Amino acid sequence: IPYSASVYNGLSALFGIVFRIPGWAIMLALAALTALYLFFGGYFATALSDFIQGIIMLVGVVAMVLCFMNYENIQWDLTLLTESSELGWFTFSSTHTGLYGNTTSLISLILLTSFGVWALPQTIHKYYAIRDDKAIVQGTVVSTLFALIIGFGAYFTGALSAFFPELSEVGSDNIIPYMMKAVIPTGLIGLIAVLILSASMSTLSSVSLASASVVAVDLYKGGVSPDASDKKVNLVMKLLCLGFIAVSVVLAILNEKFHLAAIAYLMGISWGTLAGCFIGPYVLGVLWKRVTRPAVWSSIIGSLVLTAVLIFVFGFDKNGWDCSFGTALQT
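Student: Please set out the overall build of the protein residue by residue, giving values where relevant.
Tutor: Counting its regular elements, the protein contains 12 helices and 0 strands. Across the 331 residues that make up the protein, the buried fraction comes to 38%. When contacts within the protein are restricted to residue pairs at least 6 apart in sequence, those whose partners lie at least 24 apart make up 74%.

Here it is, written out as structure tokens:
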């Protein structure tokens, strides 16, 4: 749910700065669209929309990088990366250095978004739809190329913010929207908006469907009501999808109103916790036949306890961000 909420907040910042549209209106519209095709289309609608949205993302990210590279006012001064008191080394701002400094924070984020995705439930959920061995080979090639293009576009665009010194005071959540407003031509900004919407809807639908299936299939049919019909389980899953989307958008609106946390903070804490709990049992379970049930549970529980200790005892979660989310949770 925090992961989904961070997606809503990112959209809110983008549309508020670039299009001057209230963030809450965009959140509600996106939630309604996602809920509509999830409720009536289910997994097939999610898979089909992911395919179309992936094509939009590829076209949009290439266009975005080209626009940034051709921006006439960009200051190509490499000394800004090392000498400025406001700019860190390939990161947004030295004011958010955290416990380990900018470079370590950036590398941690890259590792999290590169390896952590292996164990995210919405990723594993898709493996059940694989048709045959041939599809695995095709999927490996396509997804690798897709990840390289999207990953390069994201990190390269983010690194270019170092050459926009005037953006050092706008706050990390708003840097990319301000850069887009300054760089992207008016005629192309619509395509970029569709790009962001596509990526967001893909994430929200996948996360909501995976969460709903966990409760409906594993908990409800697996334990509460083993004799429940497929039709009833399917209905419960659809209703849960609506519920997860509703809770996420409410949390996002509250976060925007009370400034509880930064977008990267919300994403990092939720993504990191999920990946930490599941990557060991899942990857080892696939590659090694001697993994036992007690080992799996000890890994999951141990990772969850370690995450909680790092967050609430040592405060490692904040990493320099000025937010009160941890304090609010503790209260």
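That covers the picture; the talk isn't over yet.
Student: Can you tell me about helix 1 (residues 2-18), naming the residues and giving the values?
Tutor: With 17 residues, helix 1 ought to run about 24 Å at 1.5 Å a step, and its terminal C-alpha atoms sit 24 Å apart, in line with that. Counted residue by residue, helix 1 has 14 buried out of 17 residues, so it is predominantly covered.

Student: Describe the nonpolar core, listing the residues and the values that go with them.
Tutor: Ranked by internal contacts, the top residues of the largest apolar core, which has 45 residues, are Tyr8, Phe68, Met180 and Ile184. Elements supplying a minimum of two residues to this core: helix 1, helix 2 (23-69), helix 7 (175-183), helix 8 (186-224) and helix 9 (230-258). The greatest single-element share of this core, amounting to 13 residues, is contributed by helix 2. Excluding its chain neighbours within four sequence positions, the residues that come into contact with Met180 are Leu14, Phe68, Ile189 and Ile192.

Student: Tell me what's going on with the packing of aromatic side chains, and back it up with residues and numbers.
Tutor: For the structure on display, the rule yields 1 aromatic pair. Between the aromatic rings of Phe152 and Phe156, the centroid separation amounts to 5.1 Å while the plane-to-plane angle is 15°, which identifies the pairing as stacked. Taken as a pair, Phe152 and Phe156 lie in helix 6 (residues 133-160) at a separation of 4 residues, close to a single helical turn.

Student: I'd like a rundown of the pattern of salt bridges, residues and numbers included.
Tutor: Throughout the structure, instances matching the rule amount to 1 salt bridge. Of the charged contacts in the structure, one is a salt bridge between Asp132 and Arg131, with a shortest N-O distance of 3.5 Å. Residue class for Arg131 comes out exposed when judged on its relative accessible area of 65%.

Student: Describe the packing of helix 1 against helix 7, listing the residues and the values that go with them.
Tutor: At a closest axis distance of 9 Å, the pairing of helix 1 and helix 7 adopts a crossing angle of 35°. You can see that helix 1 and helix 7 cross each other, and the crossing is right-handed. Listed contacts from helix 7 to Ala13, Leu14, Ile17 and Val18 of helix 1 are Pro177, Tyr178, Met180 and Lys181.

Student: So what's going on with the side chain of Thr273? Residues and values would help.
Tutor: Residue placement: Thr273 occurs in helix 10 (residues 263-287). Relative accessible area serves as the criterion here: at 18%, Thr273 is assigned to the buried category. Non-local contacts of Thr273, meaning those with residues more than four positions away in its chain, are made with Gly268, Leu304 and Thr307.

Student: Can you break down the packing of helix 1 against helix 8 residue by residue, with the values?
Tutor: The N-to-C vectors of helix 1 and helix 8 enclose an angle of 165°; their axes lie 9 Å apart at closest approach. As judged from the angle between their axes, helix 1 and helix 8 are roughly antiparallel. Crossing hand, helix 1 versus helix 8: left-handed. Taking contact as the criterion, the partners of Tyr3, Ser4, Val7, Tyr8, Leu11, Leu14, Phe15 and Val18 in helix 1 are, on helix 8, Ile189, Ala193, Ile196, Leu197, Ser200, Thr203, Leu204 and Val207.

Student: Lay out a nonpolar patch on the surface in plain terms, naming residues and giving numbers.
Tutor: Taken together, the side chains of Phe44, Leu48, Phe51, Ile52, Ile55 and Val59 make up a nonpolar region of the molecular surface, amounting to roughly 630 Å² of accessible area. Mapped onto the fold, Ile55 is located in helix 2. The partly exposed category is assigned to Ile55, whose relative accessible area is 43%.

Student: Please set out the environment of Asn174 residue by residue, giving values where relevant.
Tutor: Tracing the backbone through its elements, the reader meets Asn174 in the loop between helix 6 and helix 7. Note: C-alpha distance between Asn174 and Leu14 (160 residues apart in sequence) is 7.5 Å. Setting aside residues up to four positions removed in sequence, Asn174 forms contacts with Ala13 and Ile17.

Student: Explain the environment of Leu14 to me, using residue names and the numbers behind them.
Tutor: Residue position: Leu14 is located in helix 1. Classification of Leu14 as buried rests on a relative accessible area of 4%. For Leu14 and Met180, which are 166 residues apart along the polypeptide, the C-alpha to C-alpha distance reads 8.8 Å. Those residues within four positions of Leu14 in sequence are excluded, and the remaining contacts are Phe19, Pro177, Met180 and Ile196.

Rules used in this analysis
Residues numbered from 1 in each chain as written. Predicted model: local features only at pLDDT ≥ 70, side-chain atom pairs only at ≥ 80, totals over all residues. Heavy atoms only, no water. Helix = DSSP H or I, 4+ residues; strand = E, 2+ residues; numbered from the N terminus. Buried < 20%, exposed > 50% of the residue type's maximum accessible area, 1.4 Å probe, protein only. Contact = heavy atoms within 4.5 Å. Expected span 1.5 Å × (residues − 1). Core = buried A, V, L, I, M, F, W, Y, C linked by side-chain atoms within 4.5 Å. Phe/Tyr/Trp six-rings, centres within 6.5 Å; stacked < 30°, edge-to-face > 60°. Salt bridge = Lys/Arg side-chain N within 4 Å of Asp/Glu carboxyl O. Axes fitted to C-alpha atoms, helices over the stretch in contact; angles between N-to-C directions. Left-handed = near helix turned anticlockwise from the far one by under 90°. Parallel < 35°, antiparallel > 145°, perpendicular 65-115°, else oblique. Patch = residues over 30% accessible without salt bridge, like charges linked within 9 Å, V, L, I, M, F, W, Y side chains within 5 Å. Areas by Shrake-Rupley, 256 points an atom, 1.4 Å probe, with all protein chains shown as cover.

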